[in-house]
Amino acid sequence: MLRPRIIPCLLVRDKGLVKTTKFKDARYLGDPMNAVRIFNEKEADELMIIDIDATAQGRGPDFQMIEHWAEECRMPLCYGGGITTVEQAQKIFALGVEKIALSYGAISNPSLVTELAHKVGSQSVVVVLDVKKKLFGGYEVYTHNGKKSTGKNPFDLIKQFQELGAGEIVVNNIDNDGEMKGYDISLIEKARAATTLPLTALGGAGTLEDIGSLIQRFGIIGASAGSLFVYKGKLKAVLINYPHFSDKDELVRKYFQ
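Since we're looking at a predicted model, the values are computed, not measured.

Draft legend 1. Expanded view of the overall build of the chain. Broken down by element type, the chain carries ten helices and 14 strands. By the compact-globule yardstick of 18 Å for 257 residues, the chain fits well, its C-alpha radius of gyration being 17 Å. Taking all 257 residues of the chain together, 56% fall into the buried category. A separation threshold of at least 6 residues defines the contact pool for the chain, and within that pool the share at least 24 residues apart is 64%. If you sum the accessible surface of the chain, you get close to 11600 Å²; carbon and sulfur atoms cover 49% of it.

What follows is the structure in structure tokens.
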């Protein structure tokens, strides 16, 4: 039976684990490998790791770093950052990664989504859309760590990427990143209406109740979070955490109808 997924999202800069707020002010948190090991012990549903500087610096993925994560990771692993070619993606899959996340690579070259879907299967191709609210209403997609506007509507892109063969969509609210005040439900509602693909929400979760509310509203959905799983308390002490499997099951039972 399909169930909601609770997915930690780790951001990496210069090989270190960091956390941003509104895609700015990256705070160094330690070695990402330690976080991977803890999420193994906690039996996380899935793990997403994003190299946030690869695209911004115009470089490709760090394959050695990805290999080390894949060797250690005992849950499905999704990697994103700097992927612009089929060859890069295939090399990442060969290292043991289950999914690749495309953002700028998909927006700048939509045919990449179709090529990868044909070669590796749609289920392994995830498109991540980083979204900001526009000044006078609506939403817009950005790339390069939220610095470059694409001028594109996220919901039009979602429909396009579904047609091109993507297997999953991640919608990340830049304005909510690191704020820990809850998901942008309006954004997720519009995204859900735009696609029948598996959908994951990212940006804003501050409590397990935020995740529960998302599951209650949307049912089978991916609930992803960064700050929630790397911080503890109002002072944001660094603590890699994830609900114990019994707590996670109870959360899903409580909210998933």
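That covers the picture; the talk isn't over yet.
Draft legend 2. Structural context of the side chain of E140. By secondary structure assignment, the location of E140 is in strand 8 (residues 139-143). Buried within the structure, E140 lacks any salt-bridge partner; its nearest side chain of opposite charge belongs to K134, at an N-O separation of 5.0 Å. At 2.2 Å, the side chain of E140 and the side chain of S149 are in polar contact. In terms of polar contacts, E140 uses its side chain to reach the backbone amide nitrogen of G151, at 3.2 Å. In this structure E140 touches D130, V131, K132, K134, S149, G151, K152 and P154, once residues within four positions along its chain are discounted.

Draft legend 3. View of the nonpolar core. If you look at the biggest cluster of nonpolar residues, it comprises 72 residues, and the most contacted ones within it are F39 and F161. Setting aside residues up to four positions removed in sequence, F161 forms contacts with A106, I107, P110, V113, V127, L129, A166 and I169. I7, A101, V170 and L202 belong to the second largest nonpolar core, which has 13 residues in total.

Rules behind the numbers
- Residues numbered from 1 in each chain as written.
- Predicted model: local features only at pLDDT ≥ 70, side-chain atom pairs only at ≥ 80, totals over all residues.
- Heavy atoms only, no water.
- Helix = DSSP H or I, 4+ residues; strand = E, 2+ residues; numbered from the N terminus.
- Rg over C-alpha atoms; globule rule 2.2 N^0.38 Å.
- Buried < 20%, exposed > 50% of the residue type's maximum accessible area, 1.4 Å probe, protein only.
- Contact = heavy atoms within 4.5 Å.
- Areas by Shrake-Rupley, 256 points an atom, 1.4 Å probe, with all protein chains shown as cover.
- Lys, Arg positive; Asp, Glu negative; His and termini not counted.
- Salt bridge = Lys/Arg side-chain N within 4 Å of Asp/Glu carboxyl O.
- Polar contact = N/O pair within 3.5 Å; in protein donor to acceptor, adjacent residues only side chain to side chain.
- Core = buried A, V, L, I, M, F, W, Y, C linked by side-chain atoms within 4.5 Å.

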